[in-house]
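Report on the structure
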There are 2 protein chains.
Amino acid sequence: MSDTGMTAKRQTKGEKTAQRILDAAADLFASQGYDGTSLRQIAQGTGITEPALYNHFASKQALYEAVLHRGLNPMAQALAEHIDGASRLRDYTELPAIMTDLLLEHPQMAALFQQAMQGDANSLGTQLVAAWLERLFDEGRRSLTRYGAVANSGDRDQDNAALAINLIAMFNLTTGYFLSQRAFATLANGNITDPDNIARQKRLLHKVIRAMLVS
Amino acid sequence: MSDTGMTAKRQTKGEKTAQRILDAAADLFASQGYDGTSLRQIAQGTGITEPALYNHFASKQALYEAVLHRGLNPMAQALAEHIDGASRLRDYTELPAIMTDLLLEHPQMAALFQQAMQGDANSLGTQLVAAWLERLFDEGRRSLTRYGAVANSGDRDQDNAALAINLIAMFNLTTGYFLSQRAFATLANGNITDPDNIARQKRLLHKVIRAMLVS
DNA sequence: CAATTAAATTATCAATCGTTAATATTTTGC
DNA sequence: GCAAAATATTAACGATTGATAATTTAATTG
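Here is a short report on the structure shown in this document. Remember, predicted model here, so these are calculated numbers, not experimental data. (Residues numbered from 1 in each chain as written. Chains lettered and ligands numbered in written order. Predicted model: local features only at pLDDT ≥ 70, side-chain atom pairs only at ≥ 80, totals over all residues. Heavy atoms only, no water.)

The next thing to look at is the overall build of chain A. Within chain A, the secondary structure is distributed over 9 helices and 0 strands. For chain A, the N- to C-terminal ordering of α and β elements is α-α-α-α-α-α-α-α-α. Burial statistics for chain A: of 215 residues in total, 47% are counted as buried. Excluding contacts between residues fewer than 6 apart, the proportion of contacts in chain A whose partners are at least 24 apart in sequence is 68%. Looking at chain A as shown, the accessible area adds up to about 10,500 Å², and 51% of this sits on carbon and sulfur atoms. (Helix = DSSP H or I, 4+ residues; strand = E, 2+ residues; numbered from the N terminus. Buried < 20%, exposed > 50% of the residue type's maximum accessible area, 1.4 Å probe, protein only. Contact = heavy atoms within 4.5 Å. Areas by Shrake-Rupley, 256 points an atom, 1.4 Å probe, with all protein chains shown as cover.)

In structure tokens form, the structure reads like this:
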């Protein structure tokens with residue numbers, strides 16, 4: 001992570017440490033969960049002492065939310081660009097593949113999103129991911145009613161339920177792929193980030209979407 | 001849970017409490033994770049004091065594994081019956097729907113399975129779920145080579161990777177549905193356990209399998 | 001019913017958790 | 001370069017964690 005690309009505008013020492021903290025925290029939270037990760041581990045992973053964390057984040061919870069925020073931002077941005085740019089139906093069918101590319105750069109985030117979705121309802125992490133899903137849902141519904149590409153039964157509740165099930169399925173398929181890294185290594189003796197396998201997964205995603213659209 | 005059906009053979013008081021402990025632990029572990037759940041919570045949920053737990057389970061870890069074991073057993077059994085009974089290809093395509101019915105009786109188990117799959121590799125919980133997935137994989141591979149229903153490229157590694165991706169996708173689709181209970185309630189204003197929605201999910205599962213088979 | 005075993009309780013433990021206070025050390029901006 | 005601000009450290013805190021010992025209560029069995 002850390003994204004110290006060419007856009008790295010002269011950042012102060014403190015900002016640099018903050019990024020390193022976020023890097024370490026993202027890996028640890030993803031692999032061990034929120035409760036399973038201690039601030040001691042994060043501090044050690046960053047190479048500083050525990051109380052130094054508090055110069056950058058007010059609490060463990062705040063740090064966790066910052067991790068989620070930083071990870072969710074690229075997704076939200078890609079989604080926004082995709083929607084604002086061209087909202088033909090075909091573009092929506094490409095979203096999972098785009099998300100797959102984004103997650104490929106930070107595979108741990110998939111675990112964090114799933115964990116956040118299952119956390120208690122009033123946690124900010126849960127709300128962040130939920131809001132993102134809702135936006136996808138709204139856009140999906142809009143595009144469907146606009147193009148009538150899927151069974152419009154006339155009953156809005158039924159249509160909503162069907163759409164939600166499809167959306168949730170695509171979400172689980174897309175993120176779940178990255179959650180199954182170890183299982184895949186055991187079963188197929190390969191790596192999930194291998195371009196061949198990414199291509200397979202994208203083909204599968206397209207196939208599933210197509211199957212959904214023919215109702 | 002507790003399964004105090006008609007098959008409840010005269011169980012001693014201790015065995016009865018052990019089941020109640022497992023019930024409480026399963027709910028708590030599923031909703032809060034292993035580290036997020038304390039033995040105090042489990043004891044309180046059972047209606048006993050904390051050290052009394054140790055009369056039934058040697059440690060927190062042992063209790064956790066017992067929960068997984070009890071939850072995984074019905075799945076493994078259904079899988080075994082299905083395989084031994086009739087191993088026509090069609091039966092394999094019905095497995096996800098069968099698993100959906102089983103999970104419907106104990107929706108929390110879906111979260112436990114996913115958590116176990118992501119836990120550290122040498123934990124027994126992880127190994128239990130992994131072994132179960134491996135069995136599914138082996139059976140799937142056997143049935144595919146037997147019936148040649150899917151692209152047999154001649155390259156075993158490639159076939160394995162493709163099969164693993166499909167299997168993992170079905171696993172994530174099937175369990176993920178139950179993990180998205182809250183998201184579904186928010187989006188579609190309905191409940192995932194509603195028979196209509198279960199029917200929708202099963203139709204989706206079938207559609208996806210069919211899409212997989214036409215390669 | 002009585003004796004034995006099983007199961008529950010109270011009290012307590014060391015270890016670890018997130019967090020704060022007080023202080024020392026760098027970085028930063030003029 | 002020097003003052004001010006930012007960032008780090010050491011030391012310690014109350015709370016909670018999983019677990020044990022000693023003991024009392026309840027259940028099982030002959």
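And the narrative resumes.
Between chain A and chain B, the residue contacts involve 49 residues of the former and 48 residues of the latter. Interface of chain A and chain B: buried area, both sides summed, is about 3,900 Å²; carbon and sulfur atoms make up 66% of it. Between chain A and chain B we count 0 salt bridges in total. At the surface where chain A touches chain B, the tally comes to 10 residue pairs in polar contact (both at pLDDT 80 or more). (Buried area = accessible area lost by both parts, 1.4 Å probe. Salt bridge = Lys/Arg side-chain N within 4 Å of Asp/Glu carboxyl O. Polar contact = N/O pair within 3.5 Å; in protein donor to acceptor, adjacent residues only side chain to side chain.)

What follows concerns the packing of helix H5 (residues 108-118) of chain A against helix H7 (residues 156-179) of chain A. All names here are of chain A. The interhelical angle for the contact between H5 and H7, taken along N-to-C directions, is 125°, at an axis separation of 8 Å. When the axes of H5 and H7 are compared, the pair comes out oblique. Taken as a pair, H5 and H7 cross one another with a handedness that is left-handed. Side by side, H5 and H7 meet where Ala-110, Ala-111, Phe-113, Gln-114 and Met-117 of the first sit next to Phe-171, Asn-172, Thr-175, Phe-178 and Leu-179 of the second. (Axes fitted to C-alpha atoms, helices over the stretch in contact; angles between N-to-C directions. Parallel < 35°, antiparallel > 145°, perpendicular 65-115°, else oblique. Left-handed = near helix turned anticlockwise from the far one by under 90°.)

So, about the protein's contact with DNA strand D. Lining the immediate surroundings of DNA strand D are 19 residues, of which Thr-49, Asn-55 and His-56 of chain A together with Tyr-54 and Lys-60 of chain B lie closest. For DNA strand D, the backbone portion of the atoms within 4 Å of the protein, that is sugar and phosphate, comes to 60%. One of the side-chain nitrogen or oxygen atoms of Thr-49 of chain A is found 2.3 Å away from a phosphate oxygen of DNA strand D. Take Leu-39 of chain B: an N or O atom from its main chain is 2.9 Å from a phosphate oxygen of DNA strand D. (Near = heavy atom within 4 Å.)

Below, the discussion takes up the protein's contact with DNA strand C. Looking at DNA strand C, there are 19 residues lining it, with Tyr-54 and Lys-60 of chain A together with Thr-49, Asn-55 and His-56 of chain B nearest. Restricting attention to atoms of DNA strand C within 4 Å of the protein, one finds that 60% of them are sugar or phosphate atoms. At 2.8 Å from a phosphate oxygen of DNA strand C is found a side-chain nitrogen or oxygen belonging to Tyr-54 of chain A. In this structure, a phosphate oxygen belonging to DNA strand C sits 3.5 Å away from a side-chain N or O atom of Thr-17 of chain B. Mapped onto the surface near DNA strand C, the elements with two or more residues apiece are helix H2 (39-46) of chain A together with helix H1 (13-32) of chain B.

The transform that puts chain A on chain B rotates by 180° and translates by 0.0 Å along the axis, for an RMSD of 0.0 Å. Within this description, the copies of the chain are treated as partners about a two-fold rotation axis. (Least-squares fit on C-alpha atoms with pLDDT ≥ 70 in both.)

Turning next to the environment of Thr-17 of chain A. Residue and element names in this part refer to chain A. Relative to the elements of secondary structure, Thr-17 occurs in helix H1 (residues 13-32). We classify Thr-17 as buried; its relative accessible area is 9%. Along the primary structure Thr-17 and Leu-53 are separated by 36 residues, whereas in three dimensions their C-alpha atoms are 9.2 Å apart. The residues touching Thr-17, leaving out its near neighbours within four places in the chain, are Thr-46, Ile-48 and His-56.

Take H1 of chain A next. Residues and elements named next belong to chain A. The first and last C-alpha atoms of H1 sit 28 Å apart over 20 residues, in line with the 28 Å expected at 1.5 Å per residue. Along H1, the positions that sit buried rather than exposed are Thr-17, Ala-18, Ile-21, Leu-22, Asp-23, Ala-24, Ala-25, Ala-26, Leu-28, Phe-29 and Ala-30. Phi turns positive one or two residues past the end of H1, at Gly-33, with a value near 80°. (Expected span 1.5 Å × (residues − 1).)

Let us now look at the side chain of Thr-175 of chain A. As for its placement among the helices and strands, Thr-175 of chain A is situated in helix H7. The contact partners of Thr-175 of chain A, leaving out residues within four places of it in the chain, are Leu-103, Ala-110 and Gln-114 of chain A.

Moving on: the packing of aromatic side chains. Residue and element names in this part refer to chain A. Evaluated as defined, the whole model comprises 12 aromatic pairs over all chains. Between Tyr-177 and Phe-178 the ring centres are 5.2 Å apart and the planes differ by 85°, which places this aromatic pair in the edge-to-face class. Given a relative accessible area of 3%, Tyr-177 falls into the buried group. An aromatic cluster is built from Phe-29, Tyr-34 and Tyr-64, whose rings are joined through pairwise contacts. Above the ring of Tyr-34, the side-chain terminus of Lys-60 is found at 4.4 Å from the ring centroid. (Phe/Tyr/Trp six-rings, centres within 6.5 Å; stacked < 30°, edge-to-face > 60°. Lys NZ or Arg CZ within 6 Å of the ring centre and 35° of its normal.)

Before going further, it helps to examine the pattern of salt bridges. Residues and elements named next belong to chain B. Evaluation of the coordinates by the stated rule reveals 10 salt bridges over all chains. A salt bridge links Arg-40 to Glu-50; its shortest N-O distance comes to 3.1 Å. Taken together, the positions of Arg-40 in helix H2 (residues 39-46) and Glu-50 in the loop between H2 and helix H3 (60-85) put the pair 10 residues apart, joining distant regions of the chain.

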